[in-house]
Amino acid sequence: MDYCYENGMDAMALTDHGNMNGFSWQLLHAKKMNKEGRKFKPLFGCEAYYIKDIEEWQEAFDAANEKKKKEKAKGVNMEASEGKNRVRSYNHLLLIAQNQKGLNNLFKLVSTSHEDKYFYRKPRLDLKLLKEYNEGLICSTTCISGPFAQVVWDNPEASHQELVALMRPVVEDFIDIFGKERYFGELQWNNIPEQHKLNKCIIELSKEYGIKLISTVDSHYARPELWKDRELYKRLGWLGMSKKPDWLSDELPQSVDEIGYELYPKNGDQVFDSYLKYAKECGYEYNDEDVRQSIENTYYIAHELVED
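Another point: helix α7 (residues 147-154). Considered for burial, the residues of α7 that qualify are Pro-147, Phe-148, Ala-149, Val-151 and Val-152. Among the structural elements, β2 (41-50), β3 (91-97), α8 (160-178), β7 (183-187) and α9 (193-209) are those in contact with the buried residues of α7.

Taken as a whole and judged by the stated rule, the model has 14 aromatic pairs. Pairing Tyr-50 with Phe-174 gives two aromatic rings, centres 5.5 Å apart and planes at 50°, and the pair type is tilted. Placement of Tyr-50 in strand β2 and of Phe-174 in helix α8 is noted, with a sequence separation of 124 residues between them. A relative accessible area of 6% places Tyr-50 in the buried class. The structure contains a cluster of three or more aromatic residues connected by ring pairs, namely Tyr-50, Phe-174, Phe-178 and Tyr-183.

Attention shifts here to α9. One turn of an α-helix holds 3.6 residues; hence residues three or four places apart share an orientation. Given a rise of 1.5 Å per residue, 17 residues ought to cover 24 Å, and the 25 Å separating the end C-alpha atoms of α9 matches this to within 8%. Within the span of α9, buried status applies to Gln-195, His-196, Leu-198, Asn-199, Cys-201, Ile-202, Ile-203, Leu-205, Ser-206 and Tyr-209. Residues of α9 that are buried in the fold lie against α7, α8, β7, β8 (213-215), α11 (268-282) and α12 (288-305). Once α9 finishes, Gly-210 follows within two positions and takes phi at roughly 75°, a positive value.

Glancing now at the pattern of salt bridges. For the structure on display, the rule yields 14 salt bridges. The residue Asp-2 makes a salt bridge to Arg-38 at a minimum N-O spacing of 2.9 Å. Placement of the pair is Asp-2 in helix α1 (residues 2-6) and Arg-38 in the loop between α2 (23-35) and β2, with a sequence separation of 36 residues. Across the salt bridge formed by Glu-6 and Arg-223, the nearest N and O atoms sit 2.9 Å from each other. Here Glu-6, found in helix α1, pairs with Arg-223, found in the loop between β8 and α10 (227-240); they are 217 residues apart in sequence, far enough to count as distant. For Arg-223, a relative accessible area of 26% translates into the label partly exposed.

Taking burial as the measure, the 5 residues of β7 include 5 buried ones, the bulk of the element. Here β7 shows no split at all, with Tyr-183, Gly-185 and Leu-187 on one side and Phe-184 and Glu-186 on the other all buried. As judged from the 2 bridges shared by strand β6 (residues 137-140) and β7, these two strands associate in the parallel manner. In the strand pairing of β7, Ser-140 is matched with Phe-184. When β7 meets β8, the two strands line up parallel, connected through 3 bridges. Paired with Glu-186 across the strands is Ile-214, a residue of β8. Crossover handedness for the path β7 to α9 to β8: right-handed.

Rules behind the numbers
- Residues numbered from 1 in each chain as written.
- Predicted model: local features only at pLDDT ≥ 70, side-chain atom pairs only at ≥ 80, totals over all residues.
- Heavy atoms only, no water.
- Buried < 20%, exposed > 50% of the residue type's maximum accessible area, 1.4 Å probe, protein only.
- Helix = DSSP H or I, 4+ residues; strand = E, 2+ residues; numbered from the N terminus.
- Contact = heavy atoms within 4.5 Å.
- Phe/Tyr/Trp six-rings, centres within 6.5 Å; stacked < 30°, edge-to-face > 60°.
- Expected span 1.5 Å × (residues − 1).
- Salt bridge = Lys/Arg side-chain N within 4 Å of Asp/Glu carboxyl O.
- Pairing = 2+ DSSP bridges.
- Right-handed = clockwise from strand over helix to strand, strands pointing away.

Next comes the structure, spelled out in structure tokens:
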């Protein structure tokens with residue numbers, strides 16, 4: 001929050017994964033900043049773990065367990081399968097509280113996601129839960145780990161129009177819950193080709209369904225110079241879990257350009273510069289005005305849609 005203020009911003013959303021553990025720190029620090037004359041608006045949120053239907057998931061989970069028991073009885077070592085992958089899968093879902101009712105609902109969603117019915121490896125929520133507790137909440141199509149990105153990852157050979165067709169029912173599910181005023185098409189800017197495939201689909205869908213675009217930045221460290229610390233931290237975590245990808249070298253990158261994206265809070269000019277840089281690097285063309293408007297819409301959410 002201090003860096004955001006230094007970097008020309010006056011608001012920031014904190015959206016921890018699956019929890020709101022940073023909420024109290026965020027609130028107290030915002031009060032401190034404002035008392036010191038540094039006017040700053042905290043946006044309260046969560047990047048939840050999402051699956052479409054908990055009950056359908058439970059059926060798939062039970063079926064996978066039953067299959068595993070049968071295979072074990074035959075003396076067969078069951079390898080990763082479609083059923084196994086399905087019960088372990090989830091997406092990210094961005095939620096921001098718009099007002100006090102929304103904050104109460106967000107607390108309820110986060111708490112419920114940790115209960116036995118919803119918790120499996122991660123605290124999760126589904127469409128049914130969102131329908132019950134959506135009042136006062138803003139939602140987006142979310143990042144490269146969101147439900148729309150999953151369509152891109154699952155269909156690597158699909159054309160742009162095929163991807164858009166597959167995404168339409170997903171858009172309709174969320175518009176049915178949040179309407180067009182509280183649901184936004186989210187763009188991000190990096191050198192991941194799938195991100196640009198996703199961006200292109202989200203732009204087309206936003207125009208087709210009449211929802212506004214926003215541009216956001218995943219912020220995993222507070223200041224630009226901390227990129228190397230974060231990279232080391234991430235790799236140590238992978239080593240500890242024996243999960244380091246085969247393609248990843250043992251040497252730390254010498255510059256952030258080798259990673260292909262930055263994960264610090266960017267102001268509007270920096271977001272637009274990232275768009276220009278990475279669109280060119282990845283060979284994608286966009287309408288500048290669409291991107292500029294998406295940055296302004298992000299500001300609009302912070303200062304017009306979200307109450308103090």
